[in-house]
Amino acid sequence: MKKYGLLFMAGICLVVLVFGHLHWKNMSQASGIKGEKAEEKIIEKEKEEREALIQSLKPENNKQQSLIDYLQYKSLTQDKVIVSLVGSNGTSGTSASNSTNSWAGRLEKSLRSERDDLETLSFINHGHDGYSTKDLFEGEKIEAVINDNPELVIFENPLINNQYQSISLEQTEKDLKNIMSKLQKELPNAKILIISPNPVANSKTENSLGLNYLDYIKASERIIKKNKWTHINSMNGIEKKLKEENMRLADILTNDNVHLNDQGHSIWFEVLYEFFKGE
């Protein structure tokens, strides 16, 4: 009798185990289905939020769109985003301790860290020491920028070298027109930002044509405003920052009184970064 009782109890236990396992399996499957549906909802919500962000950043919907919003929109809608830089010593980072301390290096790093979508942002630097506007145009450096197929071009107008090399204002204006015409024709969908060079210590010293650095700045600004090109007067921006921080121009220039040291590049970066954010 005891033997049959034990067998009976064992059978009951087995039935309980089987049904328990089936119940657990069904519960697990149900939980898995719920988990998949929850994950699908999350993915769908993220997709909707991304699409809403893209729509909000569309250039057509934002006539006064900041450059950082423009770059973010491009990053959300294409595989890569390229910013091409072209200019002279200021762009190449002359006298900065290393490329990451130049205004260009600081700007690239800050834009990438500002928003997650800009992690793939790529800067290509075509800065050439000692180059004038004529050198940039006739030396096929503008073609190199065009070949990058960038979304944004930052063109540092190399007026320091134009003044130093005694290139006439007429030739400077002609070169500027030629450069912009070529960029606009070959890169119709790209934004182009012209920036003036940095301030120099001897801005009123005349060249062999009787022209000083400020003459070149003013002449270029006239043609830029006439053509309604996007422009930053870096010289004025840097000088304003120096005044606000109670600093001298000499504090940010190297011994040649022309090129910027690391601190100077940092201030130039601040001027540009504020513009990129639309401030």
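Structural notes, computed from the coordinates. (Residues numbered from 1 in each chain as written. Predicted model: local features only at pLDDT ≥ 70, side-chain atom pairs only at ≥ 80, totals over all residues. Heavy atoms only, no water.)

1. A closer look at the layout of surface pockets
So, step 1. Estimates place the volume of the largest pocket at around 540 Å³.
So, step 2. Contributing to the lining of the largest pocket are 25 residues, with Gln65, Leu67, Lys191, Ile192 and Thr230 lying nearest its centre.
So, step 3. Where the lining of the largest pocket is concerned, the elements lending two or more residues are α2 (67-77), α8 (169-186) and β4 (191-195).
So, step 4. Of all the elements, α2 adds the most residues to the lining of the largest pocket, at four residues.
So, step 5. Of the residues belonging to the lining of the largest pocket, the class tally is 12 nonpolar, eight polar and five charged.
So, step 6. Roughly 300 Å³ of internal volume is contained in the second largest pocket.
So, step 7. Sorting elements by how many residues they give to the lining of the second largest pocket places helix α7 (residues 159-164) first, with four residues.
So, step 8. Here the residues of the lining of the second largest pocket are counted per class, giving six nonpolar, eight polar and one charged. (1 Å grid on protein atoms, 1.4 Å probe; cavity = no way out; pocket = protein on both sides within 12 Å on 5 of 7 lines; lining within 4 Å. Points joined across faces, edges and corners; volume = space filled by probe spheres on them. Helix = DSSP H or I, 4+ residues; strand = E, 2+ residues; numbered from the N terminus. Nonpolar A, V, L, I, M, F, W, Y, C, P; charged D, E, K, R; others polar.)

2. Brief notes about the nonpolar core
So, step 1. Among the nonpolar cores identified, the biggest contains 32 residues, and Leu71, Trp103, Leu107, Leu111, Ile154 and Phe276 are the most heavily contacted of them.
So, step 2. For this core, the secondary structure elements donating two or more residues are α2, β1 (81-87), α4 (103-114), β2 (121-127), β3 (152-156), β4, α10 (234-244) and α11 (262-276).
So, step 3. Of all the elements, α11 adds the most residues to this core, at seven residues.
So, step 4. Ignoring anything within four residues of it in the chain, the contact list for Leu111 reads Ile68, Leu71, Leu118, Leu121, Phe123, Tyr273 and Phe276.
So, step 5. Among the nonpolar cores identified, the runner-up in size contains 18 residues, and Leu176, Ile192, Ile224 and Trp229 belong to it. (Core = buried A, V, L, I, M, F, W, Y, C linked by side-chain atoms within 4.5 Å. Buried < 20%, exposed > 50% of the residue type's maximum accessible area, 1.4 Å probe, protein only. Contact = heavy atoms within 4.5 Å.)

3. Section: the sheet that holds β2
So, step 1. One open sheet holds the five strands; their spatial order is β2-β1-β3-β4-β5, and the pairing between them is parallel. Across the chains shown, the open sheet's two edge strands, defined by having one partner strand only, are β2 and β5 (231-232).
So, step 2. Sheet topology note: the β4/β5 ladder contains two bridges and is parallel. Its bridge partner being in β5, Ile195 is matched across the sheet by Ile232. (Pairing = 2+ DSSP bridges.)

4. Here's the deal with unusual backbone geometry
So, step 1. Residues other than glycine seldom take positive phi values, yet Ser95 does so here, at roughly 75°.
So, step 2. For Ser95, a relative accessible area of 35% translates into the label partly exposed.
So, step 3. You will see that Glu140, though not glycine, has its phi angle at about 60°, which is positive.
So, step 4. Secondary-structure assignment places Glu140 in the loop between α5 (133-138) and α6 (141-148).
So, step 5. On the basis of relative accessible area, Glu140 is assigned to the exposed category, the value being 55%.

5. Quick notes on the packing of aromatic side chains
The geometry of an aromatic ring pair is captured by two quantities: the separation of the ring centres and the angle between the planes.
So, step 1. Per the counting criterion, the structure on display carries two aromatic pairs.
So, step 2. Centre to centre, the rings of Trp103 and Trp268 are 5.6 Å apart; their planes meet at 40°, and the pair counts as tilted. You can see Trp103 sitting in helix α4 and its partner Trp268 sitting in helix α11, a full 165 residues away along the chain.
So, step 3. Assessed through its relative accessible area of 0%, Trp103 is described here as buried. (Phe/Tyr/Trp six-rings, centres within 6.5 Å; stacked < 30°, edge-to-face > 60°.)

6. Notes on α11
So, step 1. For α11, with 15 residues, the first-to-last C-alpha span of 21 Å sits near the 21 Å given by 1.5 Å per residue.
So, step 2. Turning to α11, its buried residues are Gly264, His265, Ser266, Ile267, Trp268, Phe269, Val271, Leu272, Tyr273 and Phe276.
So, step 3. Its side-chain oxygen placed 3.1 Å from the backbone nitrogen of Gln263, Asn261 serves as the N-cap of α11. (Expected span 1.5 Å × (residues − 1). Polar contact = N/O pair within 3.5 Å; in protein donor to acceptor, adjacent residues only side chain to side chain.)

7. Let's talk about the packing of α8 against helix α9 (residues 213-227)
So, step 1. Packing of α8 against α9 brings their axes to within 10 Å, and their N-to-C directions diverge by 40°. Between α8 and α9, the angle is such that the two are oblique. For the pair α8 and α9, the sense of crossing is right-handed. Taken together, the residues of α9 that come into contact with α8 (itself represented by Leu169, Thr172, Glu173, Leu176 and Lys177) are Asp215, Tyr216, Ala219, Ser220, Ile223 and Ile224.
So, step 2. Here the residues of the contact of α8 with α9 are counted per class, giving six nonpolar, two polar and three charged. (Axes fitted to C-alpha atoms, helices over the stretch in contact; angles between N-to-C directions. Parallel < 35°, antiparallel > 145°, perpendicular 65-115°, else oblique. Left-handed = near helix turned anticlockwise from the far one by under 90°.)

8. Focus: the environment of Glu156
So, step 1. Along the chain, Glu156 falls in strand β3.
So, step 2. Glu156 sits in the buried class, given a relative accessible area of 3%.
So, step 3. In this structure the C-alpha to C-alpha distance between Glu156 and His231, which are 75 residues apart in sequence, comes to 9.8 Å.
So, step 4. Contact partners of Glu156, with chain neighbours within four places excluded, come to Val86, Gly87, Ser88, Asn89, Gly90, Thr91, Ile195, Pro197 and Trp268.
So, step 5. Separated by 2.9 Å, the side chain of Glu156 and the backbone nitrogen of Ser88 make a polar contact.

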